[in-house]
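# Per-entry structural report
Single-letter residue listing:
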Amino acid sequence: MISYKDSGVDIEAGNKFVDDIKPFVKKTHNEFVLGGIGSFSGAFRLPTGYKKPVLLGATDGVGTKLRLAIDAKKYDTIGIDLVAMCVNDLICNFAKPLFFLDYYASSKLKREVAVRVVEGIAKGCEISHSALIGGETAEMPGIYQKNDFDLAGFAVGMAEEDEIDRTKFVKDGDLVLALPSSGIHSNGYSLVRKLFFEELNMKFDDKIGDKNLIDILLEPTRIYVSEFLKFKNDINALAHITGGGIVENLPRVLPENLKACINLEKIKTLEIFKFISKYVSKKEMLRTFNIGVGMIVIASKENAKNIISNSDAYEIGVIKSGDKKVEFI
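What counts, and at which threshold
- Every chain is numbered independently, its residues counted from 1 as its sequence is written.
- Note on the predicted model: pLDDT of at least 70 is required for a residue's local features to be given, and 80 or more for side-chain atom pairs to be given and counted; whole-chain, interface and lining totals, by contrast, use all residues.
- Water and hydrogen atoms play no part in the side-chain values, which are based on all heavy atoms of the structure.
- UniProt positions are given in the numbering used here, feature names are shortened, and annotations may be inferred rather than shown by experiment.
- The numbering of helices and of strands both runs from the N terminus, where a helix is a DSSP run of H or I of at least 4 residues and a strand a run of E of at least 2.
- Only protein chains enter the calculation, and the probe is 1.4 Å; a residue is then buried if its accessible area is under 20% of its type maximum, exposed if over 50%, and partly exposed in between.
- Note on pairing: DSSP must find at least two bridges between two strands before they are called paired.
- Fitted lines through C-alpha atoms serve as axes, helices being fitted only where they are in contact, and the angles separating the N-to-C directions of these axes extend from 0 to 180 degrees.

Let us now look at the UniProt feature "domain: PurM-like N-terminal" (unreviewed entry) in the protein. Using the residue numbers shown here, the UniProt feature "domain: PurM-like N-terminal" (unreviewed entry) corresponds to residues 56-158. Helix makes up 37% of residues 56-158 and strand 34%, and the two end C-alpha atoms of the span are 6 Å apart.

Shown next as structure tokens:
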């Protein structure tokens, strides 16, 4: 007789994993979460106080940054990246993140690895003021090989219907502010891996400045939910700077008759991007990386003063009349 375990799927290990993660998953729960862990779905009571409430959803992964985490056996921060990539998108449509679900698939479940990953996801949920209400763990021998696994995340938030489209709030003369990134975040890692480990043959423990290369590359994506909640009434628009860089992401919040004039010399470029730019063209840098700007805020001059005075945001440009685009000056 042959069993499911003989084929590579261990149901008992999966059940023990659920028990392992309960303590830190529970820390993300609030008064809106109904039930506990282990049901067929997660339940969340909708907040009140909205005039025309709309639910918004966002889903993402962490790209080939995951390859580095697996190869380096460093699993504690990649879950933060997963949450960040979803919730940072939600706030660009003025949605307050409510809850998060994750999907973890592997060839064979290694509990100690999966627990570290989900612990990072829970940490990301705490940072983003959202609840981790469910997830799925799948063992898929024949699809994934050896120690490989994959991650996907799903975030749901709530916004007022008339606040979702931010293009109508952007005005001529508004200032463009940068909220710094923590590093490369979770985009451009196929290029990063090719440069550092194929072209330059560098090692994980090689130094850039006073830090190991792998620690720089695996620095988790910054989550901007707290800044959004703090300055919501001062913000006209937000643009999450992911793949495509400023040049492709900022126009997504501009009306057809306005352009964003960005002064590149004002951007506080991180050291890792200065290093990469020795080998990658300026054009390629701008359309691949965040170059140090993880989130762009557009605000009136008066409101921009408040944001700058009470955060690490700084001015990098201005909104002017013209065709919808980013113009670097």
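In this structure's numbering, the residues bearing the UniProt feature "domain: PurM-like C-terminal" (unreviewed entry) are residues 171-325. With 32% helix and 22% strand, residues 171-325 has end C-alpha atoms that lie 14 Å from one another.

What follows deals with the pairing of strand β10 (residues 237-240). Burial of β10 is two-sided: the residues Ala237 and Ala239 facing one way and the residues Leu238 and His240 facing the other way are all buried. Both β10 and strand β12 (residues 293-299) contribute to a ladder of four bridges, which runs antiparallel. Residue pairing for β12: Leu238 is matched across the bridge by Val297.

The next point concerns the sheet that holds strand β4 (residues 96-106). Pairing is mixed in the open sheet, where four strands are placed in the order β3-β6-β4-β5. Lying at the two open borders of the sheet, with one neighbouring strand each, are β3 (53-60) and β5 (131-139). Between one strand and the next, the sheet's axes are offset by a mean angle of 15 degrees, whatever the strand orientation. By the bridge criterion, ten bridges tie β4 to strand β6 (residues 149-160) in an arrangement that is antiparallel. Bridging from a neighbouring strand, Leu101 pairs with Phe154 of β6.

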